[in-house]
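Chain and residue survey
Spelled out from the first residue to the last, the chains are:
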Amino acid sequence: MKLGLLISLRSMDEADARFEQAQNAGFTLCQLNLHGPCAGRADLARLAEQMLEKQIRPLAIGCYVNPMRPDEAGPLGATRDDLSALLQHIDLLGARKVVCFSGSFADTLYDPHPDNSSRLALERLSGFISDIVENTRARNYQIVLEPWYGHVLSSEDRIIEFHSMLEPAMREHVRYVLDAAALLTPERYPDRDSMVSRICRSIGQAAGVVHLRDCVMPPDGEPGLPGPGQGALDYGSYVLELRKNVPSDTPAIVRNVPPDEYIEVRDYLQSLSIPWALA
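Summarised in this report is the structure supplied together with it. The model shown is predicted, which means the values in this text are computed figures rather than measured ones.

**A look at the overall build of the protein**
Check the secondary structure of the protein and you find 9 helices and 8 strands. The principal-axis extent of the C-alpha atoms belonging to the protein is close to 45 × 45 × 30 Å. Taken as a whole, the protein presents about 11900 Å² of accessible surface, with 47% of it coming from carbon and sulfur. Across the protein, the mean location of the 27 positive side-chain charges is 6 Å away from that of the 38 negative side-chain charges.

See the structure below:
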């Protein structure tokens, strides 16, 4: 399984510094998160040159549009138009996976909203995906939906239900971020390690990207999603479940780790019982 970092760019001016931080820690692979203004063809061509110079290769591109409000620039600045433009020019960067939210009706990213768990939300998400696929000229690509327990795709069962709604022509272009920590509710947290195993078994084969982060909730501490091995999950067992259930060509992306801890987390993950490829 290939191992990379999440690199998020709020502007083009940040690119060289972010790529150099990854390079200095021995990483050559990444998920590159783009805000709306970075999705034009000229910017993508410039980014491709910068990554080539720093020997960084993107395994996935993050374009975090909210499918429930696709024409509004959300917290990460992306709209439906940004996603469409990125898919038209994705060949410039070489990655074929584009990651976006499953969506929320709430005004802010992590506020709850009762409609997120409705059938209407699944239908709206399906309509959004259908519109994107029908209007994308590229053939070899995947839209990778990132779930979270407060969003539209809030559990492994919800993901399975949604996937069954898609027409076959749409389904082949849709995969999901496997991030077990993001699907642990306070109610599931006490039984977290068996829940992690269930999540991996249920949706592992549908994973397009794995996000590596940990989880903490009361009574073990304030709620949070720290970096891998920094929370309450049995992380060694988790990566074994990933190895058993996720296709071997699925990229794994380290999240929620500051640059001064990149090397430490890289070494920690390499000490676990899974063969990671850094290039």
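Structure's up, so let's keep going.
**Some details on the pattern of salt bridges**
Pairing between side chains of opposite charge can happen when their charged atoms approach one another. For the structure on display, the rule yields 16 salt bridges. The network of salt bridges with common partners includes E156, D157, R188 and R198.

**Things to note about the packing of helix α4 (residues 119-134) against helix α5 (residues 156-165)**
Their axes nearest at 10 Å, the elements α4 and α5 cross at an angle of 50°. In terms of orientation, α4 and α5 fall into the oblique class. Crossing of α4 against α5: the hand is right-handed. Residues R119, A121, L122, E123, L125, S126 and I129 of α4 lie in contact with α5, whose contacting residues are R158, E161, F162 and M165. Tallied by class, residues from the contact of α4 with α5 come to 6 nonpolar, 1 polar and 4 charged.

**Details of the packing of aromatic side chains**
Using the criterion set out here, one finds 6 aromatic pairs in the structure. With a centroid separation of 6.4 Å and an interplanar angle of 75°, the aromatic rings of F27 and Y262 are classed as edge-to-face. Note that F27 is positioned in the loop between α1 (15-24) and β2 (29-34) and Y262 in helix α9 (residues 262-270), a separation of 235 residues in sequence. For the residue pair F27 and Y262, the accessibility class agrees, reading buried in each case.

**A short note on the nonpolar core**
Formed by 82 residues in total, the largest nonpolar core has its most connected members in L32, L47, I129, L145, L178 and L212. In this view, L212 contacts L3, P228, Y235, L242, A252, I253, V254, R255, L269 and W276; residues no more than four positions away in its chain are not counted. In terms of nonpolar packing, the next biggest core, distinct from the first, is built from 12 residues, L6, L29, V99 and V209 among them.

**Notes on helix α2 (residues 41-54)**
Taking 1.5 Å of rise per residue, 14 residues should cover 20 Å, and α2 covers 20 Å from first to last C-alpha, within 8% of that figure. Among all positions of α2, only L44, L47, Q50, M51 and K54 are buried. Buried residues of α2 fall within an arc of 120° about the axis and therefore sit on the same side. In α2, the exposed positions angled more than 90 degrees off the buried face are occupied by A42, E49, L52 and E53. Looking at the buried residues of α2, the elements they touch are β1 (3-9), α1, β2, β3 (57-62) and α3 (80-88). One or two steps after α2, the chain reaches Q55, where phi turns positive at roughly 60°.

**Some words on the side chain of Q31**
Looking at the element boundaries, Q31 is found in strand β2. On the basis of relative accessibility, which here comes to 0%, the residue Q31 falls in the buried class.

**Some points on the environment of F101**
Mapped onto the elements, F101 comes out in strand β4 (residues 97-101). Overall, F101 belongs to the buried group, its relative accessible area being 7%. Put simply, F101 and V177 are 76 residues apart on the chain and 9.7 Å apart in space, counted from C-alpha to C-alpha. With residues up to four places along the chain from it excluded, the contact list for F101 reads Y64, V65, P67, L76, L109, L145, E146 and H151.

**Description of unusual backbone geometry**
The residue after P218, namely P219, is reached through a cis peptide bond having omega 10°. Tracing the backbone shows P219 in the loop between β7 (207-212) and α8 (235-245). Phi is positive for Q55, which is not a glycine, with a value near 60°. Mapped onto the fold, Q55 is located in the loop between α2 and β3. Positive phi is not limited to glycine here, since N256 has a value of about 60°.

Reading guide: rules and limits
- Residues numbered from 1 in each chain as written.
- Predicted model: local features only at pLDDT ≥ 70, side-chain atom pairs only at ≥ 80, totals over all residues.
- Heavy atoms only, no water.
- Helix = DSSP H or I, 4+ residues; strand = E, 2+ residues; numbered from the N terminus.
- Areas by Shrake-Rupley, 256 points an atom, 1.4 Å probe, with all protein chains shown as cover.
- Lys, Arg positive; Asp, Glu negative; His and termini not counted.
- Charge placed at Lys NZ, Arg CZ, Asp CG, Glu CD.
- Salt bridge = Lys/Arg side-chain N within 4 Å of Asp/Glu carboxyl O.
- Axes fitted to C-alpha atoms, helices over the stretch in contact; angles between N-to-C directions.
- Parallel < 35°, antiparallel > 145°, perpendicular 65-115°, else oblique.
- Left-handed = near helix turned anticlockwise from the far one by under 90°.
- Contact = heavy atoms within 4.5 Å.
- Nonpolar A, V, L, I, M, F, W, Y, C, P; charged D, E, K, R; others polar.
- Phe/Tyr/Trp six-rings, centres within 6.5 Å; stacked < 30°, edge-to-face > 60°.
- Buried < 20%, exposed > 50% of the residue type's maximum accessible area, 1.4 Å probe, protein only.
- Core = buried A, V, L, I, M, F, W, Y, C linked by side-chain atoms within 4.5 Å.
- Expected span 1.5 Å × (residues − 1).
- Arc of directions from axis to C-beta.

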